[in-house]
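Take a look at the letters that make up each chain.
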Amino acid sequence: MQAPKLLIRKGMVPIQGRTRPVIQVLAVVGPEMEKMLQEHFREVNLFKRTAYANGFPASVPEASPSLQPHLSNLMRNDACPEVAVKNLLGGQTFQAQTIWEMKAFEYIAQRAFDSLLDIMMTIAELGRETVYQPRQSELLAFVADAAADAPAVPVAIEPGTESVADAA
């Protein structure tokens, strides 16, 4: 199996009489995985700007301090592209207004590739049984909570005594 990678190409391209920064991204995965992604998951969104209107989750690698304001500007802009599986596998080009906007799209493409890897790991598990085991600390906390919430076990009824049902 081929190790997936995201190819990134940047350059300055003359567009309508003006030279602009342009970035191209292309995900390269193994042929079997690409076939599965193209057949069944082609339209899956990997990055949708409206999903990150309030910022990125804490687990996402943080953008550099110099990039953060430019990333925020791009995210608020309607010109911010969405990235789907088909875009990364077929290649996506973004014509930026500034070099910072190009760098912001690169960051977005990297996060989209992270999402693609997550989907690929799930595809690799199709048809297989997997086991989820929480971290030890979470498991111990669950057992302690369950023990605290469990009702008290009634004392065993001794043989020969009447039960409530028999008395009725």
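Residues numbered from 1 in each chain as written. Predicted model: local features only at pLDDT ≥ 70, side-chain atom pairs only at ≥ 80, totals over all residues. Heavy atoms only, no water.

A. Representation of the packing of helix 1 (residues 31–40) against helix 4 (residues 99–125). Following both chains from N to C, one finds helix 1 and helix 4 inclined at 100°, their axes separated by 11 Å at the closest point. In terms of orientation, helix 1 lies roughly perpendicular with respect to helix 4. Across the interface between the two elements, M33, M36 and L37 of helix 1 pack against L116, I119, M120, I123 and A124 of helix 4. Partitioned by chemical class, the residues of the contact of helix 1 with helix 4 number 8 nonpolar, no polar and no charged. (Axes fitted to C-alpha atoms, helices over the stretch in contact; angles between N-to-C directions. Helix = DSSP H or I, 4+ residues; strand = E, 2+ residues; numbered from the N terminus. Parallel < 35°, antiparallel > 145°, perpendicular 65-115°, else oblique. Contact = heavy atoms within 4.5 Å. Nonpolar A, V, L, I, M, F, W, Y, C, P; charged D, E, K, R; others polar.)

B. Here's a closer look at the packing of helix 2 (residues 68–76) against helix 4. With their axes 9 Å apart at the nearest point, helix 2 and helix 4 run at an angle of 80° to one another. Here helix 4 runs roughly perpendicular to helix 2, going by the angle between their axes. Listed contacts from helix 4 to H70, L71, L74 and M75 of helix 2 are W100, E101, A104, F105, Y107 and I108. Of the residues belonging to the contact of helix 2 with helix 4, the class tally is 8 nonpolar, 1 polar and 1 charged.

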